[in-house]
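Analysis of the macromolecular model
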Amino acid sequence: MSGRLSGFSKLTIQQRLSQLEELGFLQSQDALFLKNGGNIPSELGEKFIENMIGYFQMPLGVAPHFKIDGKDYLIPMAVEETSIIAAAAKTAKWINESGFIETQQIGTDIIGQIQISKVQDLNKLKKIVSENQKTWIQSANEIVAPGLVRRGGGVRSMKLRTLARPDGNTMGILHVYLDPVDAMGANIINQVCEFLKLKVEAETHENVTMCILSNLVDSRLTRSKIILEKISSDLIDKICEASLFAELDPYRAATNNKGVMNGIDPILVATGNDWRAVEAGVHSYAAKDGRYSSITKWWRDGNNLVGQFEAPLVVGTVGGVTRLHPMAQLSMRILGVENASQLSRIAAAVGLTQNLGALRALTTVGIIEGHMKLHIKNLSLASGATEVETPILYQKLEAFLCREKRISLQNAVDILNEIREERANHSKNSNEKCH
Ligand code: MEV
């Protein structure tokens, strides 16, 4: 697949759509929908939110060259940051040539919390929870989640946690573990917790203060691993150093993790998933050892470079916006995913790939070159260059960037003025010569 999409970025939008249709990534009605501008009726948005006044459109692109667990994928990404898709595609191609990506999901259950702010009698609470949890789980499955049970999921277990309060009392938190199968599960877990609240209060005579899911889903983790076999020893050392920096320093970890989310969020947006929930989960998991740290780790294994990402990436492929939004459905068709675990593992793979691309750039040529090369296109446009002037300006801006390692809109405007002066002088001289 990788080869068939080489040169994809050089095509026009219409040519890209035709090529994706030819290759079977887009169905003909999807290609037609995009060719016609991908407009969505406002009635749909009205179903999602209150006070809807229109749509905020985001560019949707695709990143080719991804092979994850031996399968080729074209990754739909909805994102506004110039260099993300280019970097993802470039790094995926490099991985294809020098190694591979593998993924796995660890655990299936999401977490709901039932909080008892001040426990009256901890021993009694522990005893009643342990004696009754089987019956509570059974009735929650029968009454609140029978559909989910039919699809192979449902409430699995409960656990009582305690926290010492500053006032000397004990806070009790009942964790409810539920397998949402292919749903993100927010609605169902919240319903289960509120249903169980009544039972807990009735049987324990404790006062339940609130019920809500937790986004720190350490019981359903997604892991991706990249192994690069054909890579210079010097580059392995550089990437390992960058990894250590992010592991030790929270200031660097924040930026490292933002770069990882550059690969993950655009997929979540494109597929209609709750990226805020995933962001919260990833960052809280990054602080699981008591200090905010890197969500990825890179190390040397003999002559190989190995990288790993592990975090909660709870996504859904059924229900909600994913089912209702035509662009989310279209993105799902491009991806060809069959279940939530697969979607989550793809997102983890792309996040780690994005991280590798950023670390390679940062430890070699620097970030400005790649970022700004793409930015030059925008600067040429913004400076007001004509169609004839654009290629000349583009070349001069590239040379300026190489030389100065910086570039701004003012530089583009100044260089454009120089080009115009040169052209004016040139035509004046040729006119003089003619006369
Ligand atoms: C920019 O969007 C992302 C990076 O800052 C990530 C990183 O520093 O690792 C380049």
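The preceding data block contains the structure.
So, a few notes on the structure that sits alongside this text. (Residues numbered from 1 in each chain as written. Predicted model: local features only at pLDDT ≥ 70, side-chain atom pairs only at ≥ 80, totals over all residues. Heavy atoms only, no water.)

**Points about the overall build of the protein**
To keep it simple, the criterion reads: Helical segments are the DSSP runs of H or I of at least four residues, strand segments are the runs of E of at least two, and each set is numbered from the N terminus. For every residue, the accessible area obtained with a 1.4 Å probe (protein chains only) is divided by the maximum for its type, and the residue is called buried under 20%, exposed over 50%, and partly exposed between those limits. Residue-level accessible areas treat just the shown protein chains as cover; the underlying method is Shrake-Rupley with a 1.4 Å probe. Only four residue types enter the tally: Lys and Arg on the positive side, Asp and Glu on the negative side, with His and both chain ends excluded. By convention, the charge on Lys lies at NZ, on Arg at CZ, on Asp at CG and on Glu at CD.
Regarding its fold elements, the protein presents 16 helices and 10 strands. For the protein, the spread of C-alpha atoms along the three principal axes comes to 105 × 50 × 45 Å. Here the protein holds 435 residues, and the buried ones make up 47% of them. Of the roughly 22,000 Å² that the protein leaves accessible, carbon and sulfur atoms contribute 52%. Mean positive and mean negative side-chain charge positions of the protein (48 and 47 charges, respectively) differ by 2 Å.

**Points about the site of the ligand**
As a reminder of what qualifies: Here a residue is considered near a molecule or strand provided that any single heavy atom belonging to it is located within 4 Å of it. Polar contacts here mean pairs of N or O atoms no more than 3.5 Å apart (in protein, one a potential hydrogen donor and the other a potential acceptor; neighbouring residues in sequence count only if both atoms are side-chain atoms).
Residues in contact with the ligand, as listed here, are Glu81, Arg252, Thr255, Asn256, Lys258, Gly259, Asn262, Ala358, Leu362 and Ile367. Contact between the ligand and Glu81: an oxygen atom at 2.7 Å from a side-chain N or O atom of the residue. In the environment of the ligand, an oxygen atom lies 2.9 Å from a nitrogen or oxygen atom belonging to the side chain of Asn262. Protein burial of the ligand: of its 300 Å² of free accessible surface, 86% is covered by the chains. Only helix 9 (250–270) and helix 13 (340–363) provide two or more residues apiece to the shell around the ligand. Here the shell around the ligand takes six residues from helix 9, the largest share from any one element.

**What about the nonpolar core?**
The criterion, for reference: Here the nonpolar core consists of buried residues drawn from Ala, Val, Leu, Ile, Met, Phe, Trp, Tyr and Cys, with membership extended through side-chain atoms lying within 4.5 Å.
Of all hydrophobic cores here, the largest spans 51 residues; its most connected members are Phe66, Ile75, Met77, Ile264, Leu305, Phe309 and Leu356. In terms of residue count, helix 13 provides more of this core than any other element does, nine residues in total. If you look at the next biggest cluster of nonpolar residues, it comprises 33 residues, including Ile110, Ala140, Ile188 and Val192.

**Comments concerning a negative patch on the surface**
So the rule is basically this: Residues forming no salt bridge and having over 30% relative accessible area are the ones grouped into patches, like charges within 9 Å of each other and nonpolar side chains (Val, Leu, Ile, Met, Phe, Trp, Tyr) within 5 Å. Salt bridges are defined as contacts in which a side-chain nitrogen from Lys or Arg sits within 4 Å of a carboxyl oxygen from Asp or Glu.
A cluster of like negative charges, contributed by Asp414, Glu418, Glu421 and Glu422, occupies part of the molecular surface. The residue Glu422 is located in helix 16 (residues 409–434) in this model.

**Notes on the pairing of strand 1 (residues 60–68)**
We count it as follows: If DSSP finds at least two bridges between two strands, the strands pair.
The element strand 1 is extensively covered by neighbouring structure, given that seven of its nine residues are classed as buried. In the sheet, strand 1 pairs with strand 2 (residues 71–78) via seven bridges, with the strands oriented antiparallel. Its bridge partner lying in strand 2, Phe66 is registered against Tyr73. As consecutive antiparallel partners, strand 1 and strand 2 are separated by two residues, and within that stretch Asp69 has a phi angle of approximately 50°, a positive value.

**Let's talk about unusual backbone geometry**
Phi is mostly negative for residues that are not glycine, and the peptide bonds are mostly trans. At Asn51, a position not held by glycine, the phi torsion is positive, near 55°. Look at Asn51 and you get exposed, because its relative accessible area is 68%. Although it is not a glycine, Asp69 adopts a positive phi angle of roughly 50°. Position of Asp69 among the secondary structure elements: in the loop between strand 1 and strand 2.

**As for the packing of helix 2 (residues 28–35) against helix 12 (residues 326–335)**
What counts is decided by this rule: Each axis is a line fitted through C-alpha atoms, and for a helix only the stretch in contact is used; angles between axes span 0 to 180 degrees, taken between their N-to-C directions. Angles below 35 degrees are treated as roughly parallel, those above 145 as roughly antiparallel, those between 65 and 115 as roughly perpendicular, and all remaining angles as oblique. Handedness of a crossing is defined here by the sense of rotation of the near helix relative to the far one, left-handed for an anticlockwise turn of less than a right angle and right-handed for a clockwise turn. Here, residues are in contact when the closest pair of their heavy atoms is within 4.5 Å. When residue character is reported, Ala, Val, Leu, Ile, Met, Phe, Trp, Tyr, Cys and Pro are called nonpolar, Asp, Glu, Lys and Arg charged, and the others, Gly included, polar.
It is at 11 Å that the axes of helix 2 and helix 12 come closest, and there the two elements cross at 130°. It follows that helix 2 is oblique to helix 12 by the angle criterion. As helix 2 packs across helix 12, the resulting crossing turns out to be left-handed. From helix 2, Asp30, Phe33 and Leu34 reach across to helix 12, where they touch Pro326, Met327, Leu330 and Arg333. For the contact of helix 2 with helix 12, the class distribution of residues is five nonpolar, no polar and two charged.

**What to know about the environment of Trp136**
Considering the arrangement of structural elements, one finds Trp136 in helix 5 (residues 122–143). Among the residues examined, Trp136 registers a relative accessible area of 1% and is labelled buried. In the structure, Trp136 is positioned 118 residues away from Ala254 in sequence and 41 Å away in space, judged by C-alpha atoms.

**Focus on the sheet that holds strand 6 (residues 170–179)**
Strands sit in the order 5-6-4-7 across an open sheet of four strands; the sheet is antiparallel. Strand pairing shows two members of the sheet lacking a second neighbour, strand 5 (154–164) and strand 7 (210–214), which therefore form its edges. Going across the sheet, the axis of each strand differs from the next one's by a mean of 25°, ignoring polarity. Note that strand 4 (residues 110–116) and strand 6 share seven bridges and pair antiparallel. Across the sheet, the residue bridging to Ile111 is Tyr177, located in strand 6. Those strands touched by helix 7 (residues 186–204) are strand 4, strand 5, strand 6 and strand 7, and its axis lies near 35° from that of strand 4.

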